[in-house]
Amino acid sequence: MEPITQLRSKTVVIANSDIDTDQIIPARFLTTTDQDGLGKYVFADWRFDDKGDSIEDFVLNKTEANDCGVLVAGHNFGCGSSREHAAWALRDFGFRAVVSTSIADIFRSNALKNGIVPVEVNDDTHQWLLANPRCEVTIDIGHSVLRLPNGTQCVFSIDSFARHCLLYGVDPLGYLLSQEQAISTYERSHPCGQ
Amino acid sequence: MENSPKTLFEKVWEDHLVTSETEETPAVLYVDLHLIHEVTSPQAFSSLRERGLRVRRPERTLATMDHSTPTRADVLYGGMPKGAAQNQIATLEGNCKEFGIELYDLKSKQRGIVHVMGPELGATQPGSTIVCGDSHTSTHGAFGALAFGIGTTEVAHVLATQSLLQRKPKTLGINIKGTLGKSVTAKDLILAIIGKIGVDGGTGHVIEYRGDAISAMSMDARMTVCNMSIEAGARAGLIAPDETTYHYLEGRPMCPTGTDWDHAVARWQQLKTDEGAAFDKEIHFDATALEPMITYGTNPGMMMPITGRVPANEGDAALNRALDYMGIAPGEPLMGRPIDVVFVGSCTNARLSDLRQAAVLMAGRRVASGVRMLVVPGSQEIKRRAEAEGLAQVFVDAGAEWRESGCSMCIAMNGDSVGPGQYAVSTSNRNFEGRQGTGARTFLASPLTAAAAAVSGCISDPRQFLN
């Protein structure tokens, strides 16, 4: 994964709360054995009608969404299924961060592994972002700060190891593999079924 | 603080720490059992292959096919049509062969939905850590196992290292006193709990369900409760093992035998929350007054007693959107509303006792005209037992479709789906928009309530059918 220290991008707002991963990518697109090219299915049932035509007033279908790398969403984003396809699809569509007041556990973990920064903000910041779509925000990963164009800053919480992985492009699997000796020691002291 | 009182979660967590967490690094948590299926594993195997890695402990990995598999016997055994789903099945076969993993394939007599099969084989054991690329892995917590869903990148982590990087979650104790009323089931209880704490009420937490109402439950019922922990956003759900647990497990193919069994039980008996141990959060719940529950909206927290009315709140955008999708007016009752499809199945409610409940209500009755009912057992073993007991015949005689096991209409990946705009009463776990098919509208309920809807053709109170 490429190192990433700071993101500067416009926002697109989908204000619905409890957006589940079935909305982010419906299950019928999960029969793939690849992880590439899923962006075309992002929010498929919100973007397209039953004939496959674009639903024009859905925000992701508007040209103004094209250059937006930050998705601002309602409370409890990414709940439901563990499908990492949701993170793959959002990434492929062009998103590099998701901002909400709460982000579901498994989605957060999947997002971090795919270079999507999960940013949980306070209610005031969230309300401002909801009311000001297409604003340019800066997400400073090193300082865990989201900066709004009006000068306001919001510190967000991000696991220190996950932040380290983002900042330096560290692959967590590499770190886990480096724990080989400790894992072997554990296995010797905990034989199967003990 | 070795001797300080601990929660069940803390005991299992600490027992699986390869290394403890620090400010800089998460804990390395050892995984005893890794369950895999065709949908969330292919990219993980590709990643192993790209890096030249092997599967560290293939004998701790079990594979099945359930999500995209056909449930019609003629398609299942006659050869799946070429296409993406068939390719996914073939990919899992190839991966399991290449990496030496035991696979319960389409022809296996023990194949089933991953969260039904694990317990049935006795692979799910108290005090163990179990993961799977599937959010309903929380089901296995019914045995006092710490079990949770992971993404595909983490599936690769576990394949390669049998371990996961994890921050210690918080604990939420849910104490449930009282006795469930007649025709009120574990499904009704867990829907009521989700309704109370909300679909994000468990985020960041492992729930332990405890109290008289839980102790009185069968393993099947406990699995239904733990299964839907994720619908409250929880990392996992746990229930302390007891005699009911041991009785269920004894003699299962993967369980220890003889003195090994005795030693295992002695160890498992330590797996309970100590007197005085503190949860990060605790809530109390009374099961006694519960009614059969049903959802009216597009997440499992949008639920109500079956005799109730859909809420009305003009200012609630989420509610209004949900009701608009569902085609339901605020303030309406649901009883008597016609339905099109009934689905009895899924890792939530497709075990033998679920099928028995539905069959008791349906015996001697017919599926209402114009209603399609699909009954999909959770595993091939359950299918055989339901056939031997005569349950399958009850469903077939009533006019329902009796299928091979699989996830089927819960996730609608295999061709079993609810049509656009159609109403389904489903025993599954998610009523999200489009979950059971594009445009499908789902009411989640218990097998009893589903059966009542099937025979009456509308949403009905199962208590009216049972004495």
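Per chain, residue numbering runs from 1 following the sequence as it is written. Each chain is given a letter, starting from A, and each ligand a number, starting from 1, according to the order in which they appear as written. Side-chain atom pairs in this predicted model are given and counted only at pLDDT of 80 or more, local residue features only at pLDDT of at least 70, and totals for whole chains, interfaces and linings cover all residues. The basis for every side-chain value is the complete set of heavy atoms in the structure, and neither hydrogens nor water enter the calculation.

A. Quick peek at the domain arrangement of chain B. All names here are of chain B. An automatic or database domain assignment is the source of the domain bounds shown. Domain annotation of chain B identifies domain 1 (8-166), domain 2 (170-241 + 267-286) and domain 3 (293-464). Here the C-alpha centroids of domain 1 and domain 2 sit 24 Å apart. Contacts between the two partners involve 22 residues from domain 1 and, on the opposite side, 24 residues from domain 2. Overall, the association of domain 1 and domain 2 removes approximately 2000 Å² of surface from exposure, summing both partners, and the carbon and sulfur fraction of that is 65%. Should any heavy atoms of two residues lie within 4.5 Å, those residues are counted as being in contact. Joining two parts hides part of their accessible area as seen by a 1.4 Å probe, and the buried area is that hidden amount summed over both.

B. View of the sheet that holds strand 2 (residues 27-30) of chain B. Residue and element names in this part refer to chain B. Ordered in space as 1-2-8, the 3 strands form an open sheet in which the pairing is antiparallel. Bordering the open sheet on either side are strand 1 (17-19) and strand 8 (163-166), each of which pairs with just one other strand. Neighbouring strand axes in the sheet, compared pairwise and without regard to direction, differ in orientation by 35° on average. A strand pair is defined by DSSP finding two or more bridges across the two strands. Put simply, DSSP marks the helices as runs of H or I at least four residues long and the strands as runs of E at least two long, and each gets a number from the N terminus on. Taken together, the 2 bridges between strand 1 and strand 2 define a ladder with antiparallel strand orientation. Looking across to strand 2, one finds that T19 is bridged to V28. Running at roughly 50° to strand 1, helix 1 (residues 8-15) makes contact with strand 1, strand 2 and strand 8 of the sheet. Axis lines are fitted through C-alpha atoms, for helices just across the contact stretch, and the angle between N-to-C directions can take any value from 0 to 180 degrees.

C. Looking closely at the interface of chain B and chain A. The interface of chain B with chain A comprises 62 residues on the first partner and 53 residues on the second. Buried area between chain B and chain A, summed over both chains or domains, comes out near 4600 Å², and the portion from carbon and sulfur atoms is 54%. The largest per-residue losses of area from chain B upon contact with chain A belong to Q43(B), R56(B) and F432(B), which jointly make up 12% of the total buried on that side. For salt bridges, the criterion is a side-chain nitrogen of Lys or Arg within 4 Å of an Asp or Glu carboxyl oxygen. Taken together, the links from chain B to chain A amount to 7 salt bridges. Between R57(B) and E187(A) there is a salt bridge, with its nearest N and O atoms 2.9 Å apart. Pairs of N or O atoms within 3.5 Å make up the polar contacts considered here, provided that, within protein, one atom can donate a hydrogen while the other can accept it, and that residues adjacent in sequence are counted only when both atoms are side-chain atoms. Seen at the junction of chain B and chain A, the total is 27 residue pairs in polar contact (both at pLDDT 80 or more).

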